[in-house]
Amino acid sequence: MAEILVSACLAGEKCKYSGGHNLVPAIAELVRRGKAVPVCPEALGGLTIPRPPAEIRGGDGYDVLAGRARVLDKEGRDVTAAFLRGATATLAKAREIAAELVVLKEKSPSCGSKLIYDGTFTGTARPGPGVTAALLQQHGFKVISEGEIYQVFLR
Ligand code: SF4
């Protein structure tokens, strides 16, 4: 049974807002060997591929979960509900596979574990997790970014 959950775009799936991917070959190899399961929270939440980019306005993923901040796309549409649906579905998947580790794409408003963009669509990063990363962390899952995958190989 796989025990690592990974952002699908890191495994090469073309699920980014732009229709592209963020392939990290080592992560794709983990999926190929059945050691990791790919998941895209935004696609699970019902958002289309491609889609306008979105950022959290007024806080981080914890603030969205608490109802203190919203997720808006670049065209001004409130996509908070889709992000929450995707986070809940991803949590269910993490529980299903009893994930010991979750590797998520940094700076994504869903998947960022330590950094997200600040809601101004200017490419400015700020500390804090995205919505899915925050929910998984709240439920005790260990979430790291693709830049920290050396931890996978030290296990
Ligand atoms: Fe990748 Fe996560 Fe964005 Fe999906 S939601 S494209 S998995 S960073």
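Residues numbered from 1 in each chain as written. Predicted model: local features only at pLDDT ≥ 70, side-chain atom pairs only at ≥ 80, totals over all residues. Heavy atoms only, no water.

1. Topic: the side chain of Ser-110
The following threshold applies: Note on conventions: DSSP H or I runs of at least 4 residues are helices, E runs of at least 2 residues are strands, and numbering of each starts at the N terminus. Exposure categories follow from relative accessible area, calculated using a 1.4 Å probe and restricted to protein chains: below 20% of the type maximum is buried, above 50% is exposed, and the middle band is partly exposed. By definition in these notes, contact holds between two residues if any of their heavy atoms fall within 4.5 Å.
Within the secondary structure layout, Ser-110 lies in the loop between strand E5 (101–104) and strand E6 (115–117). Assessed through its relative accessible area of 1%, Ser-110 is described here as buried. In this view, Ser-110 contacts Pro-41, Glu-42, Phe-83, Gly-130, Val-131, Thr-132 and Ala-133; residues no more than four positions away in its chain are not counted.

2. A few points about the sheet that holds strand E8 (residues 143–145)
How we decide: Pairs of strands are assigned from DSSP output, requiring at least two bridges between the strands. Note on geometry: axes are lines fitted to C-alpha atoms, helical ones only across the stretch in contact, with angles between N-to-C directions running from 0 to 180 degrees.
Here we have 4 strands laid out as an open sheet, ordered E2-E1-E5-E8, and parallel in their pairing. The open sheet terminates on both sides in strands that have one partner only, identified here as strand E2 (36–39) and E8. Strand after strand, the sheet turns through a mean of 25 degrees between neighbouring axes, direction not considered. Relative to E2, strand E1 (residues 4–7) runs parallel, the two being bridged by 4 bridges. Across the sheet, the residue bridging to Leu-5 is Val-37, located in E2. Contacts from helix H5 (residues 131–138) reach E5 and E8 within the one sheet, and its direction differs from that of E5 by about 165 degrees.

3. Brief notes about the site of the ligand
Convention followed: Whether a residue is near a molecule or strand is decided by its heavy atoms; if any one of them lies within 4 Å of it, the residue is near. When residues are grouped by polarity, Ala, Val, Leu, Ile, Met, Phe, Trp, Tyr, Cys and Pro land in nonpolar, Asp, Glu, Lys and Arg in charged, and all others, Gly among them, in polar.
Taken together, the neighbourhood of the ligand is formed by 14 residues, with Cys-9, Cys-15, Cys-40, Glu-42 and Cys-111 sitting nearest. Per-class residue counts for the shell around the ligand are 7 nonpolar, 3 polar and 4 charged.

4. Section: the side chain of Ser-7
Assignment of secondary structure puts Ser-7 in strand E1. Setting aside chain neighbours within four positions, we find Ser-7 in contact with Val-39, Val-103, Leu-104, Lys-105 and Cys-111.

5. Things to note about the packing of helix H4 (residues 80–96) against H5
Our working rule: The labels follow the angle: roughly parallel below 35 degrees, roughly antiparallel above 145, roughly perpendicular from 65 to 115, and oblique for the rest. Handedness of a crossing is defined here by the sense of rotation of the near helix relative to the far one, left-handed for an anticlockwise turn of less than a right angle and right-handed for a clockwise turn.
Between H4 and H5, the least distance of the axes is 9 Å, while the angle of their chain directions is 40 degrees. One finds that H4 runs oblique with respect to H5. Our pair here, H4 against H5, has a crossing hand that is right-handed. Contacts between H4 and H5 involve Phe-83, Leu-84, Gly-86, Ala-87, Thr-88, Thr-90, Leu-91 and Ala-94 from the former and Val-131, Thr-132, Leu-135 and Leu-136 from the latter.

6. Some remarks on the nonpolar core
As a rule of thumb, nonpolar side chains are buried together in soluble globular proteins. Our working rule: Buried residues of nine kinds, namely Ala, Val, Leu, Ile, Met, Phe, Trp, Tyr and Cys, make up a nonpolar core once their side-chain atoms join them within 4.5 Å.
In this structure, Leu-5, Val-71, Val-102 and Leu-136 are the most contacted members of the largest nonpolar core, which totals 25 residues. At the level of secondary structure, the elements contributing two or more residues to this core comprise E2, strand E3 (54–57), H4, E5 and H5. If sequence neighbours within four positions are ignored, Leu-5 has contacts with Val-37, Val-39, Thr-90, Lys-93, Ala-94, Ile-97, Ala-99, Leu-101, Val-102 and Val-103. Among the nonpolar cores identified, the runner-up in size contains 16 residues, and Val-6, Ala-11, Ile-27 and Ile-149 belong to it.

7. Describing H5
Counting buried positions along H5 gives 6 out of 8 residues, so the element sits mostly inside the fold. Taken residue by residue, H5 has Val-131, Thr-132, Ala-133, Ala-134, Leu-135 and Leu-136 as its buried positions. Of the residues trailing H5, Gly-140 is marked for its positive phi of about 90 degrees.

8. Digging into the pairing of E5
On E5, burial covers both faces: Leu-101 and Val-103 on one face and Val-102 and Leu-104 on the other are all buried. Pairing of E1 with E5 involves 3 bridges; the strand directions are parallel. Each bridged residue has a counterpart across the sheet, and for Ile-4 the counterpart in E5 is Leu-101. Relative to E8, E5 runs parallel, the two being bridged by 3 bridges. Paired with Val-103 across the two strands is Ile-144, which belongs to E8.

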